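Topology and contacts: notes
Read off the chains here:
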Amino acid sequence: MGISNTINHNNHQTNSSNTSWSSEKIAKYALFVALSMAVSFIEFPLIPDLSYLKYDPSGIVCLVAGFAYGPAAAAIVSILGFAPHLFTNPLGTVMAVLVSLGASVTAAIVYKKMHTRKGAIIALLLGSVVAIALAIAGNLVITPLYSPKITVATVASLIIPALLPFNIIKLALHVVVTMLVYKPISKLLHHSK
């Protein structure tokens, strides 16, 4: 009986520590979601002649969350971070979520397998390629839904002069900033461990 009480007591401790770890993890996810939401409202054009294509830094938050906690965190932050925009710009929100998921989830999956600086660079580059492909495909499908005057052919004619340069610059900024901020943020996040 003494042994079984000890085993039960140890199991209870393990479950208790898992619960507190889970609560901490949920709190950190929520922090990333809130940060992503906040910075998603900071928008500005990257290319003066293409002012309708606006950049916001929320993708960086999604990438850092994915590097820190894995693909699930990247997906949660990517989806929930854009939730407020769903009411004012549903089609734009679908595009933003699609691109963010492509970049952050892909990068998180690769980084999880190659947890080195080189792995991080490869992860960010692959995530960028996936995000750019999704951005262009998404624009071909979603942009014509904004207006009957905008055809798939019109969008296709904008790929080389507008969509590709904008998305390359956007994702280059995401990559550079993520590489600069991830290590300090990671140390802060995992300090308690």
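Residues numbered from 1 in each chain as written. Predicted model: local features only at pLDDT ≥ 70, side-chain atom pairs only at ≥ 80, totals over all residues. Heavy atoms only, no water.

Along the chain, Asp56 falls in the loop between β2 (54–55) and α2 (58–69). Lys170 provides the closest opposite charge to the buried, unpaired Asp56, separated from it by 5.7 Å. A distance of 2.4 Å separates polar atoms of two side chains, one belonging to Asp56 and the other to Ser58. Residue contacts for Asp56: discarding those within four places in its chain leaves Val39, Ser40, Ile42, Glu43, Phe82 and His174. (Helix = DSSP H or I, 4+ residues; strand = E, 2+ residues; numbered from the N terminus. Buried < 20%, exposed > 50% of the residue type's maximum accessible area, 1.4 Å probe, protein only. Lys, Arg positive; Asp, Glu negative; His and termini not counted. Salt bridge = Lys/Arg side-chain N within 4 Å of Asp/Glu carboxyl O. Polar contact = N/O pair within 3.5 Å; in protein donor to acceptor, adjacent residues only side chain to side chain. Contact = heavy atoms within 4.5 Å.)

On to the UniProt feature "transmembrane region" (unreviewed entry) in the chain, then. The residues that UniProt annotates with the feature "transmembrane region" (unreviewed entry) are residues 26–47, 59–83, 89–111, 123–146 and 158–182. Taken end to end, residues 59–83 is 84% helix and 0% strand, and its two terminal C-alpha atoms sit 14 Å from one another. Secondary structure over residues 123–146 splits into 100% helix and 0% strand, and the C-alpha atoms at its two ends are 33 Å apart. (UniProt positions renumbered as here; feature names shortened; annotations may be inferred.)

Further remarks concern the packing of helix α4 (residues 90–113) against helix α5 (residues 117–146). Put simply, α4 and α5 touch, their axes get as near as 7 Å, and they point 160° apart. Classed by the angle they form, the pair α4 and α5 counts as roughly antiparallel. α4 and α5 meet at a crossing whose hand is right-handed. Each residue belonging to the contact of α4 with α5 can be placed in one class, and the counts come to 21 nonpolar, 7 polar and no charged. (Axes fitted to C-alpha atoms, helices over the stretch in contact; angles between N-to-C directions. Parallel < 35°, antiparallel > 145°, perpendicular 65-115°, else oblique. Left-handed = near helix turned anticlockwise from the far one by under 90°. Nonpolar A, V, L, I, M, F, W, Y, C, P; charged D, E, K, R; others polar.)

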